Amino acid sequence: MAIVELTNICKDYQQGKEPVRVLKNVNLTVEKGEYLAIMGPSGSGKTTLMNIIGCLDVPTSGSYTLDGQDLRDLDDDAMADVRNKHLGFVFQSFHLMPRLNALDNVALPLLYGGVSLKERRERAAEALKAVGLEDRMDFFPNQLSGGQCQRVAIARAMVGKPDLLLADEPTGALDTKAGNQIMDIFRQLSNEGMTIIMITHEPGIAACADKTYHILDGELRTDGNLVKMGGGEDEED
Ligand SMILES: Nc1ncnc2c1ncn2[C@@H]1O[C@H](COP(=O)(O)OP(=O)(O)O)[C@@H](O)[C@H]1O
Ligand SMILES: [Mg+2]
């Protein structure tokens, strides 16, 4: 069953006087349990697409169905509700709260679900354990390495048991070793049945997913390797 269905999604941004089409008739179906990477060069529309899938932005035209629900015409509150109930986010720059320790960073999303403090902390501790940080729960972000911060961010994304994990360049700020640890965690989450959409411009990271789609100038290619990185015309064999 499809969890994400985008049909003819277009996104225009006003740049100066002219609207510029940044996403062009994007069609994308993601089945439950899929682990998908989307690759594309800088400025190709990756974050714009991710923001639409993540209900952080709305398309100019086209339709988006998430887990069977048509998201057209939802107001901001309803969108926030969809995000809280269905989605987990991991960003390149972690977005942790500097004044909260790892445990409270991870527990934070549960605040909006009306879960008791005791249960919030128990579930946060469990999520941190799952990413191997059980001995860092009372550390603050500035006491953690980049890789550890990203693992806290993954625990925070997973603590609400989302249906879909969205990651925008999750290894972009990390060295190779820390990046590989993040990919190990994504692999494990995928093996446990999580649906993952990951954006990256690194081929080695994209190769960790089960399949890779390419976006170039706002056009998503889901039919193999028609679009190559760097825009080269040459056939590879
Ligand atoms: N808020 C905005 N207003 C105007 N143009 C934007 C805005 N956000 C992104 N763009 C433009 O849309 C294009 C795609 O941006 P983006 O999705 O961030 O690309 P990527 O994540 O692939 O680097 C770029 O040309 C960018 O300048
Ligand atoms: Mg981007």
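This one's a predicted model, so the numbers in the text were calculated from it and none came from an experiment.

Details of the overall build of the protein chain
Secondary structure summary: the protein chain contains seven helices and ten strands in total. Taken over the C-alpha atoms alone, the protein chain extends approximately 50 × 45 × 40 Å along its principal axes. For the protein chain, the proportion of its 237 residues judged to be buried stands at 45%. If you sum the accessible surface of the protein chain, you get close to 12200 Å²; carbon and sulfur atoms cover 47% of it. The average position of the 24 basic charges and that of the 36 acidic charges among the side chains of the protein chain differ by 6 Å.

With respect to the packing of helix H5 (residues 146–158) against helix H6 (residues 176–191)
Contact geometry for H5 and H6: axes closest at 9 Å, N-to-C directions at 20°. Put simply, H5 runs roughly parallel to H6. Once H5 is placed against H6, the crossing between them reads as right-handed. Seen from H5, the contacting residues are Gly147, Gln150, Arg151, Ile154 and Met158; seen from H6, they are Ala178, Gln181, Ile182, Ile185, Phe186 and Leu189. Taken together, the residues of the contact of H5 with H6 sort by class into seven nonpolar, three polar and one charged.

Comments concerning the nonpolar core
One finds Leu128, Ile154, Leu165, Phe186 and Met198 to be the most contacted residues of the largest nonpolar core, which totals 42 residues. For this core, the secondary-structure elements that each account for two or more residues are strand E3 (35–39), helix H3 (102–111), helix H4 (117–130), H5, strand E7 (164–168), H6, strand E8 (195–200) and helix H7 (203–206). At seven residues, H5 tops the list of elements feeding residues into this core. Membership of the second largest hydrophobic core comes to 29 residues, among which are Leu6, Leu23, Tyr64 and Leu87.

Points about the packing of H3 against H4
Contact pair H3 / H4: the axes reach a minimum separation of 8 Å and the direction vectors enclose 120°. Here H4 runs oblique to H3, going by the angle between their axes. The crossing of H3 and H4 is right-handed. Contact with H3, carried on its side by Ala102, Leu103, Asp104, Val106, Ala107, Leu110 and Leu111, involves Arg120, Arg121, Arg123, Ala124, Ala125, Ala127 and Leu128 of H4 and no other residues of that element. Grouping the constituent residues of the contact of H3 with H4 by class yields ten nonpolar, no polar and four charged.

What counts and how
Residues numbered from 1 in each chain as written. Chains lettered and ligands numbered in written order. Predicted model: local features only at pLDDT ≥ 70, side-chain atom pairs only at ≥ 80, totals over all residues. Heavy atoms only, no water. Helix = DSSP H or I, 4+ residues; strand = E, 2+ residues; numbered from the N terminus. Buried < 20%, exposed > 50% of the residue type's maximum accessible area, 1.4 Å probe, protein only. Areas by Shrake-Rupley, 256 points an atom, 1.4 Å probe, with all protein chains shown as cover. Lys, Arg positive; Asp, Glu negative; His and termini not counted. Charge placed at Lys NZ, Arg CZ, Asp CG, Glu CD. Axes fitted to C-alpha atoms, helices over the stretch in contact; angles between N-to-C directions. Parallel < 35°, antiparallel > 145°, perpendicular 65-115°, else oblique. Left-handed = near helix turned anticlockwise from the far one by under 90°. Contact = heavy atoms within 4.5 Å. Nonpolar A, V, L, I, M, F, W, Y, C, P; charged D, E, K, R; others polar. Core = buried A, V, L, I, M, F, W, Y, C linked by side-chain atoms within 4.5 Å.

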